[in-house]
Each structure stands twice: as structure tokens, then as C-alpha cells.
Amino acid sequence: MTVVTRFAPSPTGRLHVGNIRTALHNWMFARAHGGRFLLRIDDTDAERSEERFVAAIRHDLAWLGLEADAEVRQSERFGLYEKRFEELRAAGRIYPAYETSQELDLKRKIQLGRGLPPVYDRAALQLTDADRARLENDGVRPHWRFHLDHDCLVEWDDLVRGHQRFDPSTMSDPVVRRADGSWLYMLPSAIDDIDMGISHVVRGEDHVANTALQIQMFAALGAAPPSFAHAALLTGSEGKLSKRLGSLGVDQLREMGIEPQAIRALLARLGTSDPVEPAVDMADLLTTFDFGRFGRAPARFDEGELAQLSARIIHQLPYGAVADRLPAGMAADAWDVVKPNLSTVAEASDWWSVIEGPVDAPAAGEDREYLAAAADAAEVIEWGEDPWHQLVDKLKEQTARKGKALFLPLRRALTGRDHGPDMAALLPLIGRERAIARLRAS
Ligand code: GLU
């Protein structure tokens, strides 16, 4: 069987952490099985869907390295939905209903007041042709419900959650089409999954109840259902209903300087039994990707963990991977020297300005003489061969200084800072001229 997965966002906002994770799971599962990964833009809701969000979704997926093998848009497929809708209607699996939302609300309240589950009572099925004609004459347009089959339980083996079982008689016949003819998510999605040959539907556990309904739709449409994997939801570090997590978008993460590899590495492993590792290469994550390793408990997403992972990714990145984001003139030698000190690639320009100067060194105070001696020493050493060790060896001999007293005044005068990359690596980049000038200036 060819594995075909799909990521089906509604273009009503930016992608956030939760749906990136779903996209990633779909992409990884397809790649791990030599299958296809499709992007389906769920834009049936013309009012809420926006073209700028479609563009942002494509851009964000490309940035994350999760490019799709093909893209389809639901708004271009209304003809297919109409055809399949008519078939289901002719077969008696879809029926018109005329209640207003106020009437439905009232019914639910009465049921709840009696301690009954708020399941739609199918009153519309009791209407006669004459009733319907009268309603339509009065200008009432029907919405459309899918008629659930109450005679059998809906069961499936979820790849994450294990065996699932739903009693359809405890569920309302879902509305699949509004009175204005527009589509709700449920039916077009099942129609598309069949038409696009989706083998695995991979999504969050907030869709589990939808799956029970959609499995009946697959059957009514004459198709075997795909396999399903519903991952447990993420929680923010502050708890389940984290506003921050729901709104934390790819665009914000990018602005914070988070690397896409870090997002992938964290979201690929979060909620699984495997440790989170700073994997730069997707191939390393693919080998262990398996829904069987996912737990059922909600997984905690921690922004701090992501930032740390991103730094550990940056420490591994070769110059070629970042060259276009570095300041003009900064070459591979400088990148390799500063990268162990970076939390974000953008910070490389701070170190580049330390190399290039001018640096704002603190007043030398009682180290003035020592730094003057250092400048003299810097004049005579051989700059081609490890100048830092030559310099400190000379100064160690000349002065009684050692340890911090030996190194720190030099670092301060040469870089304007107390901490930073290894001086042995940094000094050749600063170079003879600038180093002597900085030592003399202090
Ligand atoms: N557009 C739906 C959503 O974003 C797709 C759900 C699905 O994967 O079927 O929730």
C-alpha cells in the first residue's frame, strides 16, 4: 500500500505550534514510508478564508522544510462535493432540516434540563412532503444533515490511541451543509480523503469524535476508511488552556530567531518515548518515527526548551547553511569561531562587530601598564602561529600574573567583554593591527 497523508489547514490564520506539529507528523510519516504528503487548503468558508494566509502557510511549510508533493484547494472542488452530496441524498443518507439555531438551542436546553444527552432528535425526519413544501413556501431554506446509522458501533484501531469505539446513537446527525449551500468541514474532508487516496489521516485528538462520524461517511460513500492516528494535544508550560501556545505562530518563532530544525526536532519527539535531540538532519528523526511510540498523555511544549534546542542546532550548522544571514564580510572562519557562543544566528553580527571594531572597552584602571606590556608583546610575536598563546606565554614570563588576572584584562581590552568565544580562535580574526591598537587604547 502506498502511504498518502495530508495536512489540511483552514487558511483563517497563521500556522501555530499545534498545527505545525500535525503537518510535521504527516510529512514524517509519508517520508518514513516512501509515500506522498499532500497539502489540502480547507477554504470552503469563503468569508473566513484569506489568500494572505494561504501564502503564509506555504511559506511557513517551506521554511520548515515540509514541502508538499501536491496541493489542492477545497474551493476548487465544489463540483465533486455537490455530486457526492446528491448521491448520498438520493440514498437517503442526507436529509433536509429546517430548525433555526434558536430552536436547536432550546431543544438542547430542554434535554440537558432533563438530564438527557443533547443529541439531535431527528424531528426533521418526521416532516411530510407537505410540511416541507409549506416551510419552503414560507421562505425557509433547509440545512442538511448526514443520517448516522445507529445499528452498528463505529470502531477503529487508532495508531496512537489504540482501539476506539463509539455508539452512533449517542451522537447527533452532523450538519454537513448550511442553508446558504456552503459546506461544513466534515463531508468535503471525507470526500477528499477518498478522492485523493489518503491512506492515513493524522491529526490531533480534538478530531476523534469527528472520526467516528467520518467513518460512517466513508462507508456511505462506498469507501473503506483510511487508518487514523490522533496525537494527544500539546499543553503550554502554564497548563492546558495556554493562550500563548494557541497563538504562537511560525512567524513569531522565526522572529525570535528559532531555527526550523529546532522546531522539527522538538515537535517530532514531543509526546513520544524518544528523547528530544538537536537533530539537524531530518533523516535522523525519520528512522525512529512511529505512532506506536506516542503516548496518550498531553505533551508539554516549553518555549525555553525550544530556544535551547535551537542554540544547540546553531552550534552544529556549517557556514553554508547560514551564510546569507550573516553580516557582509563575515566568512566561514569567523562563523566557526563565534557559533559556539550563539543562541541565535542574528547574534553573529554582535561578534562580527567585536572582530571588526571599534570596541568599547572598559577603562583599564590598574591594568594600564599590563596592557601596555601586552601591546609591546603583540608587536613582536609571530602572528601567523597561534598569537594568543604566544602572547599569554610572554606575559606570564614577564609578569607574575596567572589565571584570570592574566587573561581577563586582555579579553576586555580586545573585545570589550568579559565572556565570549575562545580567544585563541578570536585573536587571529581581530588581527595584529586592531589588537595592538585596542591594547594601546585601554
Ligand atoms: N481543516 C481541518 C482542521 O484544520 C482539517 C482536519 C483534518 O485533518 O481532517 O481542523
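None of these values were measured; they are calculated from a predicted model.

(A) Main features of the environment of Leu 285. Its location among the elements puts Leu 285 in helix H11 (residues 282–286). Since its relative accessible area comes to 2%, Leu 285 is described here as buried. Measuring from C-alpha to C-alpha, the distance between Leu 285 and Asp 149 comes to 42 Å, with 136 residues separating the pair along the chain. Not counting residues within four places of it along the chain, the set of residues in contact with Leu 285 comprises Met 28, Arg 264, Ala 265, Ala 268, Arg 269 and Ala 279.

(B) A look at a negative patch on the surface. Together, Glu 382, Glu 385, Asp 386, Asp 393 and Glu 397 line one region of the surface with negative charge. Counting through the fold element by element, Glu 382 comes out in the loop between helix H16 (368–380) and helix H17 (387–398). The partly exposed category is assigned to Glu 382, whose relative accessible area is 48%.

(C) Structural detail: the site of the ligand. Neighbouring residues of the ligand: Arg 6, Ala 8, Ser 10, Asp 42, Tyr 185, Ser 189, Arg 203 and His 207. Between an oxygen atom of the ligand and a side-chain N or O atom of His 207, the distance comes to 3.0 Å. Contact with the protein chains covers 78% of the free accessible surface of the ligand, which is 300 Å². Tallied by class, the residues present in the shell around the ligand amount to two nonpolar, three polar and three charged.

(D) A look at the packing of H16 against helix H18 (residues 403–415). Where H16 meets H18, the axes come as close as 10 Å, and the angle between the chain directions of the two elements is 75 degrees. Taken as axis vectors, H16 and H18 run roughly perpendicular relative to one another. Each of Tyr 370, Leu 371 and Ala 374 in H16 lies in contact with H18, whose residues at this interface are Ala 405, Leu 406, Pro 409, Leu 410 and Ala 413.

(E) Quick peek at the pattern of salt bridges. One pass over the structure, following the stated rule, counts 36 salt bridges. A salt bridge links Arg 73 to Asp 43, with the shortest nitrogen-to-oxygen separation between them at 3.2 Å. Here Arg 73 is found in strand E3 (residues 70–73), whereas its partner Asp 43 is found in the loop between strand E2 (36–41) and helix H2 (51–64), with 30 residues between them in sequence. Classification of Asp 43 by relative accessible area gives buried; the value is 5%. Here Lys 339 and Asp 336 are joined by a salt bridge, their closest N and O atoms 3.5 Å apart. Taking the relative accessible area as the measure of exposure, Lys 339 reaches 13% and is therefore buried. Where salt bridges share partners, they join Arg 6, Arg 40, Asp 42 and Asp 193 into one cluster.

(F) Representation of helix H20 (residues 432–441). Residues of H20 that are buried include every one of Ala 435, Ile 436, Arg 438 and Leu 439, and no others. One side of H20 carries all its buried residues, which in axial view fall inside an arc of 165 degrees. Along H20, the residues that are exposed and aim more than 90 degrees away from the buried face are Glu 433 and Ala 441. Looking at the buried positions of H20, the neighbouring elements they touch are helix H15 (348–356), H16, H18 and helix H19 (423–430).

(G) Local environment of the layout of surface pockets. Its volume calculated, the largest pocket comes out at about 1,100 Å³. Going through the elements one at a time, strand E1 (4–7), helix H1 (17–32), strand E9 (200–204) and helix H8 (243–247) are the ones with two or more residues in the lining of the largest pocket. The element that contributes the greatest number of residues to the lining of the largest pocket is H1, accounting for six residues. Of the residues in the lining of the largest pocket, the class split is 14 nonpolar, 17 polar and 11 charged. For the second largest pocket, the calculated volume is near 170 Å³. What lines the second largest pocket is a set of 13 residues, among which Leu 104, Arg 108, Tyr 120, Arg 145 and Ser 172 lie closest to the centre.

(H) Seen up close, the side chain of Gln 164. With respect to the element layout, Gln 164 can be found in strand E7 (residues 162–166). Apart from the residues within four sequence positions on either side, Gln 164 is in contact with Val 154, Glu 155, Trp 156, Asp 158, Val 208 and Arg 296.

(I) The packing of aromatic side chains, seen in detail. Scanning the model with the defined rule gives 12 aromatic pairs in all. Measuring from ring centre to ring centre gives 6.2 Å for Phe 78 and Tyr 81, while their planes differ by 65 degrees; the resulting arrangement is edge-to-face. With Phe 78 and Tyr 81 both in helix H3 (residues 78–90), this residue pair falls three residues apart, about one helical turn. A relative accessible area of 34% places Phe 78 in the partly exposed class. Feature note: the residues Phe 78, Tyr 81, Phe 85, Trp 144 and Trp 183 constitute an aromatic cluster, connected by ring pairs.

Conventions used here
- Residues numbered from 1 in each chain as written.
- Predicted model: local features only at pLDDT ≥ 70, side-chain atom pairs only at ≥ 80, totals over all residues.
- Heavy atoms only, no water.
- Helix = DSSP H or I, 4+ residues; strand = E, 2+ residues; numbered from the N terminus.
- Buried < 20%, exposed > 50% of the residue type's maximum accessible area, 1.4 Å probe, protein only.
- Contact = heavy atoms within 4.5 Å.
- Patch = residues over 30% accessible without salt bridge, like charges linked within 9 Å, V, L, I, M, F, W, Y side chains within 5 Å.
- Areas by Shrake-Rupley, 256 points an atom, 1.4 Å probe, with all protein chains shown as cover.
- Salt bridge = Lys/Arg side-chain N within 4 Å of Asp/Glu carboxyl O.
- Lys, Arg positive; Asp, Glu negative; His and termini not counted.
- Charge placed at Lys NZ, Arg CZ, Asp CG, Glu CD.
- Near = heavy atom within 4 Å.
- Polar contact = N/O pair within 3.5 Å; in protein donor to acceptor, adjacent residues only side chain to side chain.
- Nonpolar A, V, L, I, M, F, W, Y, C, P; charged D, E, K, R; others polar.
- Axes fitted to C-alpha atoms, helices over the stretch in contact; angles between N-to-C directions.
- Parallel < 35°, antiparallel > 145°, perpendicular 65-115°, else oblique.
- Arc of directions from axis to C-beta.
- 1 Å grid on protein atoms, 1.4 Å probe; cavity = no way out; pocket = protein on both sides within 12 Å on 5 of 7 lines; lining within 4 Å.
- Points joined across faces, edges and corners; volume = space filled by probe spheres on them.
- Phe/Tyr/Trp six-rings, centres within 6.5 Å; stacked < 30°, edge-to-face > 60°.

So far we have only geometry, and geometry alone does not tell us how the molecule works.
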